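The primary structure of each chain is shown beneath.
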Amino acid sequence: MKKVILGLAVVSTVFMKAQTQIIAHRGYWQTQPPTTENSLKSLENAQNLKIYGSEFDVRMTKDGILVVNHDEHHAKMEISETDFKELKKVKLSNGENFPTLKDYLKQGKKDKVLKLIVEIKPDKTEEKENELTAKTIKMIKDMKLDGQCEFISFSLNICKEIKKLEPKFKVQYLKGELSPQQIKEEGLDGMDYHFSVFQKNPTWIAEAKSLGLITNAWTVNDAAVSDELKKQGIGFITTNIPDQLK
């Protein structure tokens, strides 16, 4: 009987851990030697970790080129107000070329198991957001990466536009002010909120799961916070230390 109980305890522990998947935040870049976030190398590093996915940020240049960058600026140039030919003159801090979305997706395609978590950044107008969204989706479909990509955004408009263009795509909202019920009513697939939002609303993870929604927390860089979220049954954790939390 003791062996049976011990076996069940082990299975239960493994199952609980299996429930929470790890996503690298802007790739795995806090390495030795270090690289830089949203670089092709950081994506390659994430691929080598054998985790669920790697998140990255998509913006559009003044001349309509899709690039991968978190901030609104590259060097001192505002991406949305600068042509790509000017932006590419400045390399990333690790010496790589300023990455286009196409180059990033090519690297992503080398490992069909790792999910590509595409964060489409808000733009200045809904018209620009819709153009950015449509171009991003077209490129992903043209490269036959539909099944490998999932989508997130701080813009509710972008989230809804993705679902309008491709209802089957998984889309999660990032901003944090909508309850699980509101997320469901907006027709989205889940909530990807800062971990502090779940701490302030301790019933939301359970509520979201009961509604069939995806739950993710960003950016969790503390093992204690990670463990607490896992106990609550969070589906995914996005982190700068995927090697430590996986």
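Keep in mind that this is a model prediction, so the values were computed, not measured.

A. View of the overall build of the protein chain. Counting its regular elements, the protein chain contains 11 helices and 11 strands. Over its C-alpha atoms the protein chain spans a radius of gyration of 19 Å, differing by no more than 12% from the 18 Å that the globule rule assigns to 246 residues. Each of the three principal axes of the protein chain carries a C-alpha extent, and together these read 70 × 45 × 35 Å. In the protein chain, which comprises 246 residues, the share counted as buried stands at 51%. Of the contacts formed within the protein chain by residues at least 6 apart in sequence, a portion of 57% connects residues at least 24 apart.

B. Quick look at the pairing of strand 6 (residues 115–120). In terms of burial, strand 6 is largely enclosed, as 5 of its 6 residues are buried. Alignment of strand 2 (residues 53–60) against strand 6, held across 6 bridges, turns out to be parallel. Each bridged residue has a counterpart across the sheet, and for Ser54 the counterpart in strand 6 is Leu116. Examined bridge by bridge, strand 6 and strand 7 (residues 149–153) share 4 bridges and lie parallel to one another. Bridge pairing links Ile117 to Glu150 in strand 7. Considered for its hand, the β-α-β crossover made up of strand 6, helix 5 (residues 126–142) and strand 7 is right-handed.

C. Structural view of the UniProt feature "domain: GP-PDE" (unreviewed entry) in the protein chain. Within this numbering scheme, the UniProt entry marks residues 20–246 as carrying the feature "domain: GP-PDE" (unreviewed entry). Spanning residues 20–246, this segment combines 36% helix with 21% strand, and its end C-alpha atoms are found 9 Å apart.

D. Representation of helix 6 (residues 156–165) in the model. Inspection of helix 6 places Asn157, Ile158, Cys159, Glu161, Ile162 and Lys163 among the buried residues, and these make up the whole buried set. Turning to helix 6, the residues buried within the fold contact strand 6, helix 5, strand 7 and strand 8 (171–173). A side-chain oxygen of the first residue of helix 6 lies 3.3 Å from the backbone nitrogen of Asn157; this N-cap is Ser155.

E. Region of the structure containing the packing of aromatic side chains. Within the structure shown, the criterion is met by 7 aromatic pairs. Both rings, one in Tyr193 and one in Trp204, keep their centres 6.2 Å apart while their planes meet at 55°; by these two values the pair is tilted. Taken together, the residues Tyr193 in strand 9 (residues 190–194) and Trp204 in helix 9 (residues 204–210) connect sequence positions 11 residues apart. For the pair Tyr193 and Trp204, a shared accessibility class is recorded, and that class is buried. Taken together, the ring pairs connect Tyr193, Phe198 and Trp204 into an aromatic cluster.

F. Fine view of the state of the cysteines. One pass over the full model with this rule turns up 0 disulfides. You can see Cys149 has no disulfide; the closest cysteine sulfur is in Cys159, sitting 15 Å from it. Residue Cys149 is classed as buried on the basis of its relative accessible area of 5%.

G. Structural context of the side chain of Thr36. Looking at where Thr36 falls in the secondary structure, it is placed in the loop between strand 1 (21–24) and helix 2 (40–49). Residue Thr36 is classed as buried on the basis of its relative accessible area of 15%. Dropping the residues within four chain positions of it, Thr36 is found in contact with Trp29, Ser42, Leu92, Ser93 and Asn94.

H. Inspection of the nonpolar core at higher detail. Of all hydrophobic cores here, the largest spans 52 residues; its most connected members are Phe56, Phe151, Tyr193, Phe198 and Leu229. Split by domain, this core shows at least three residues from each of two domains, domain 1 (33–169) and domain 2 (175–245). Residues within four places of Phe198 in sequence aside, it is in contact with Met191, Tyr193, Trp204, Ile205, Asn216, Ala217, Leu229 and Ile234.

I. Highlighting the packing of helix 2 against helix 4 (residues 101–108). Where helix 2 meets helix 4, the axes come as close as 10 Å, and the angle between the chain directions of the two elements is 20°. Taken together, the axis directions place helix 2 and helix 4 in an arrangement best described as roughly parallel. Between helix 2 and helix 4 lies a crossing of right-handed hand. Contacts between helix 2 and helix 4 involve Leu40, Ser42, Leu43, Glu44 and Gln47 from the first element and Asp103, Tyr104, Gln107 and Gly108 from the second. When grouped by side-chain class, the residues that make up the contact of helix 2 with helix 4 number 3 nonpolar, 4 polar and 2 charged.

So, how was this worked out
- Residues numbered from 1 in each chain as written.
- Predicted model: local features only at pLDDT ≥ 70, side-chain atom pairs only at ≥ 80, totals over all residues.
- Heavy atoms only, no water.
- Helix = DSSP H or I, 4+ residues; strand = E, 2+ residues; numbered from the N terminus.
- Rg over C-alpha atoms; globule rule 2.2 N^0.38 Å.
- Buried < 20%, exposed > 50% of the residue type's maximum accessible area, 1.4 Å probe, protein only.
- Contact = heavy atoms within 4.5 Å.
- Pairing = 2+ DSSP bridges.
- Right-handed = clockwise from strand over helix to strand, strands pointing away.
- UniProt positions renumbered as here; feature names shortened; annotations may be inferred.
- Polar contact = N/O pair within 3.5 Å; in protein donor to acceptor, adjacent residues only side chain to side chain.
- Phe/Tyr/Trp six-rings, centres within 6.5 Å; stacked < 30°, edge-to-face > 60°.
- Disulfide = S-S within 2.5 Å.
- Core = buried A, V, L, I, M, F, W, Y, C linked by side-chain atoms within 4.5 Å.
- Domains from an automatic or database assignment.
- Axes fitted to C-alpha atoms, helices over the stretch in contact; angles between N-to-C directions.
- Parallel < 35°, antiparallel > 145°, perpendicular 65-115°, else oblique.
- Left-handed = near helix turned anticlockwise from the far one by under 90°.
- Nonpolar A, V, L, I, M, F, W, Y, C, P; charged D, E, K, R; others polar.

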